[in-house]
Amino acid sequence: MKLTSRSVSLVPIMATALAAALGAVLVVSAPANAATTLGAAAAQSGRYFGTAVAAGRLSDQTYVNILNTEFNMVTAENEMKWDATEPNRGQFNYSGGDRILNQAVGNGSRVRGHALLWHQQEPGWARSMEGSSLRQAMINHVTQVATHYRGKIYAWDVVNEAFADGGSGGRRDSNLQRTGNDWIEAAFRAARAADPAAKLCYNDYNTDGINPKSTGIYNMVRDFKARGVPIDCVGFQSHLTNNAPSDYRANLQRFADLGVEVQITELDIAGSNQANAYRDVTNACMAIRACTGITVWGIRDTDSWRTGENPLLFTGSGAKKPAYNAVLDALNAGGPGPTTTTTTTSNNPGPGGCTASVSLNQWNDGFVASVKVTAGSSALRGWRVTATLSNGTVTSSWSSNRSGNSGAVTFTNVDYNGSVPAGGSTEFGFQGTGSGAGLNPSCTAT
Ligand code: G2I
């Protein structure tokens, strides 16, 4: 049986509440019945543990046994990329991606989509394109693929590896980039429109510490948040050798502080310090509530793209390596992940009215709230949402004008999201310190 985050995530909360009620000091110790698989161990704190999967290996029994036992998130290693899904312009092929998705779903796992746009593994027809025709083809690709998988993907890597290595902190040159600097936000908006339920991530490598490249991405995410471009998560690939950078955790934390989830998306670690480095990376994720999960880039060393470097958790014959035990122990000892609650308040939803619902990510001393404003049976020309913070303070907000930062806080539309068609919706958000409990949003058409 798989543990679900819902069934287990209450345990630490109840323990904390009990300790608080008794005025006791909460002694944290390893759970008496530590989980024995990576997925179950991660689920104890509301997180996932995933792997990249290659469709061609799904007929290998050793591979499938480990996959089904240990992991509860799956990424298609190549099968959802542009060259695989749209080999000819306008002709889509989902066979490999569907095979991986169906296998995962049949096993109760969720799926990370990888990757809608990447300058590598563009199909030949797109590689030879530029300018506005490429922009059109690229947006069509995002729309078609995200629509095909609508409602089935936990998070999409919407754009992969768009930043340059080295000290510039800027974008990498590619035909995608040459269509205009706004290509990334255009892709995110198209993905959101096609699959509103999927979390939308930007994913890259060599971003594992605080460096010019990760800072360039940080600035982009901050700008997206400020302007209401829909981005929910940042993926840190973490293809490492020997050690994670010493500021690995601090780097994840600064992104989390922008109000996005952070995910470790393609972890593999070569070198003699492997087990320790895997432990450090896992501990870093466990220490950040907005770090929702870890994905390793393959199961056995022989499945790795890093041929001969043995960077994974299982040997070629499928035995658990010391790095496996290091990760399992760190997951079992892990701190709490995000608790997400969704509340909907429906007031005056009829003609001229609107409803507001809030999805709240709460951790010890802070929260991120995403609020969805939905129009009633007639279109909105403007809206106002009031939410109550009895024990928290708003530190920043996006896609809205705000008045106040505690008590009854009012948010109104900005110029680009005031018009909402009948039955349609738009989102804004805010983050703060303290508790976001009991926000109880109410919406009024203006
Ligand atoms: O390069 C490592 C990863 C870096 N981040 C993005 C990931 O998508 C990327 O994954 C790798 C896959 O692990 C490889 O399996 O992406 C490579 C492509 O750049 C994948 O390699 C390709 C080979 O280049 C092709 O020749 C081969 O047909 O794998 C294909 C399928 O086996």
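Residues numbered from 1 in each chain as written. Predicted model: local features only at pLDDT ≥ 70, side-chain atom pairs only at ≥ 80, totals over all residues. Heavy atoms only, no water.

## Re the sheet that holds strand β18 (residues 442–445)
Phase 1 of the analysis: Taken together, the four strands give an open sheet; going across it, the order is β15-β16-β13-β18, and neighbouring strands pair in antiparallel fashion. At either margin of the open sheet sits one strand with a lone partner, and together these are β15 (401–403) and β18. The mean angle between the axes of side-by-side strands here comes to 20°, regardless of whether they run parallel or antiparallel.
Phase 2 of the analysis: Where strand β13 (residues 383–389) lies against strand β16 (residues 407–412), six bridges are found, and the strand directions are antiparallel. Residue pairing in the sheet places Val385 in a bridge with Phe411 of β16. (Pairing = 2+ DSSP bridges. Helix = DSSP H or I, 4+ residues; strand = E, 2+ residues; numbered from the N terminus. Axes fitted to C-alpha atoms, helices over the stretch in contact; angles between N-to-C directions.)

## Overview of the pattern of salt bridges
Phase 1 of the analysis: With the rule as written, the count across this model stands at 19 salt bridges.
Phase 2 of the analysis: Among the salt bridges present, the one from Glu261 reaches Lys199, with a minimum N-O distance of 2.9 Å. Placement of Glu261 in strand β8 (residues 261–270) and of Lys199 in strand β5 (residues 199–204) is noted, with a sequence separation of 62 residues between them. (Salt bridge = Lys/Arg side-chain N within 4 Å of Asp/Glu carboxyl O.)

## A short note on the packing of helix α8 (residues 183–194) against helix α9 (residues 212–227)
Phase 1 of the analysis: At a minimum axis separation of 12 Å, α8 and α9 run at an interaxial angle of 55°. Between α8 and α9, the angle falls in the class oblique. Where α8 crosses over α9, the handedness of that crossing is right-handed. Here Ile184, Glu185, Phe188 and Arg189 of α8 lie close against α9, whose contacting residues are Met220, Phe224 and Arg227.
Phase 2 of the analysis: Residues belonging to the contact of α8 with α9 are distributed by class as follows: four nonpolar, no polar and three charged. (Parallel < 35°, antiparallel > 145°, perpendicular 65-115°, else oblique. Left-handed = near helix turned anticlockwise from the far one by under 90°. Contact = heavy atoms within 4.5 Å. Nonpolar A, V, L, I, M, F, W, Y, C, P; charged D, E, K, R; others polar.)

## Looking at the site of the ligand
Phase 1 of the analysis: Around the ligand sit 14 residues, and of these Glu77, Lys81, His114, Glu161 and Glu266 come closest.
Phase 2 of the analysis: In the environment of the ligand, a nitrogen atom lies 2.8 Å from a nitrogen or oxygen atom belonging to the side chain of Glu161.
Phase 3 of the analysis: For the ligand, an oxygen atom lies 3.0 Å from a polar atom in the side chain of Trp297.
Phase 4 of the analysis: For the ligand, the protein covers 58% of the area, taking 620 Å² as the surface of the free molecule.
Phase 5 of the analysis: Split by residue class, the shell around the ligand holds three nonpolar, seven polar and four charged. (Near = heavy atom within 4 Å. Polar contact = N/O pair within 3.5 Å; in protein donor to acceptor, adjacent residues only side chain to side chain. Areas by Shrake-Rupley, 256 points an atom, 1.4 Å probe, with all protein chains shown as cover.)

## Focus on the packing of helix α11 (residues 274–286) against helix α12 (residues 322–332)
Phase 1 of the analysis: Running from N to C, α11 and α12 point in directions that differ by 20°, and their axes come no closer than 8 Å. Of the possible angle classes, the one that applies to α11 and α12 is roughly parallel. As α11 runs across α12, the sense of the crossing is right-handed. Here α11 contributes Gln274, Ala275, Tyr278, Arg279, Thr282, Asn283 and Met286 to the contact with α12, which in turn contributes Pro322, Ala323, Ala326, Val327, Ala330 and Leu331.
Phase 2 of the analysis: For the contact of α11 with α12, the residue count by class is nine nonpolar, three polar and one charged.

## A look at the packing of aromatic side chains
Phase 1 of the analysis: Under the defined criterion, the tally for this structure stands at 14 aromatic pairs.
Phase 2 of the analysis: Between the aromatic rings of Tyr94 and Tyr149, the centroid separation amounts to 5.6 Å while the plane-to-plane angle is 85°, which identifies the pairing as edge-to-face. Here Tyr94 is found in the loop between α4 (82–85) and α5 (95–106), whereas its partner Tyr149 is found in the loop between α7 (131–148) and β4 (155–160), with 55 residues between them in sequence. Tyr149 matches Tyr94 in its accessibility class, with the two residues each being buried.
Phase 3 of the analysis: Counting every residue linked through ring pairs, the aromatic cluster contains Phe92, Tyr94, Tyr149 and Trp156.
Phase 4 of the analysis: When the ring centre of Tyr154 is taken as reference, the NZ or CZ atom of Arg110 above it lies at 4.5 Å.
Phase 5 of the analysis: Its guanidinium or amino end placed over the ring of Tyr218, Arg254 lies 4.9 Å from that ring's centre, counting from NZ or CZ. (Phe/Tyr/Trp six-rings, centres within 6.5 Å; stacked < 30°, edge-to-face > 60°. Buried < 20%, exposed > 50% of the residue type's maximum accessible area, 1.4 Å probe, protein only. Lys NZ or Arg CZ within 6 Å of the ring centre and 35° of its normal.)

## A short note on the environment of Asp303
Phase 1 of the analysis: Topologically, Asp303 is positioned in the loop between β9 (291–296) and α12.
Phase 2 of the analysis: The exposure class assigned to Asp303 is buried, which follows from its relative accessible area of 3%.
Phase 3 of the analysis: Counting along the chain gives 12 residues from Asp303 to Thr315, while the straight-line C-alpha distance between them is 9.5 Å.
Phase 4 of the analysis: Excluding anything up to four places from it in sequence, Asp303 contacts Arg57, Tyr63 and Glu77.
Phase 5 of the analysis: A polar atom in the side chain of Asp303 sits 3.2 Å from the side chain of Arg57.

## Things to note about the state of the cysteines
Phase 1 of the analysis: The tally for this structure, following the rule as stated, stands at three disulfides.
Phase 2 of the analysis: Note that Cys201 is cross-linked by a disulfide to Cys233, the S-S spacing being 2.1 Å. Between Cys201 and Cys233, the disulfide has an S-S torsion of -90° and is therefore left-handed. Separated by 32 residues along the polypeptide, Cys201 in strand β5 and Cys233 in strand β6 (residues 233–236) bring together distant segments of the chain. The same class applies to Cys201 as to Cys233, namely buried.
Phase 3 of the analysis: The disulfide bridge from Cys354 ends at Cys443, spanning 2.1 Å between sulfur atoms. On the sign convention where negative means left-handed, the S-S torsion of about -100° between Cys354 and Cys443 marks this disulfide as left-handed. Taken together, the positions of Cys354 in strand β11 (residues 354–363) and Cys443 in strand β18 put the pair 89 residues apart, joining distant regions of the chain. (Disulfide = S-S within 2.5 Å.)

## Some words on the pairing of strand β2 (residues 73–76)
Two faces make up the sheet, and in a regular strand the side chains alternate between them.
Phase 1 of the analysis: Residues Met73 and Thr75 point to one face of β2 and Val74 and Ala76 to the other, with burial holding for every one of them.
Phase 2 of the analysis: Bridging between strand β1 (residues 48–53) and β2 involves four bridges; their strand directions are parallel. In the sheet register, Gly50 faces β2, and the bridge partner there is Met73.
Phase 3 of the analysis: In this fold, β1 hands off to helix α3 (residues 61–70), which returns the chain to β2; that crossover is right-handed.
Phase 4 of the analysis: With three bridges joining them, β2 and strand β3 (residues 110–118) adopt parallel strand pairing. Among the inter-strand pairings, Thr75 is bridged to a residue of β3, identified as Arg112. (Right-handed = clockwise from strand over helix to strand, strands pointing away.)

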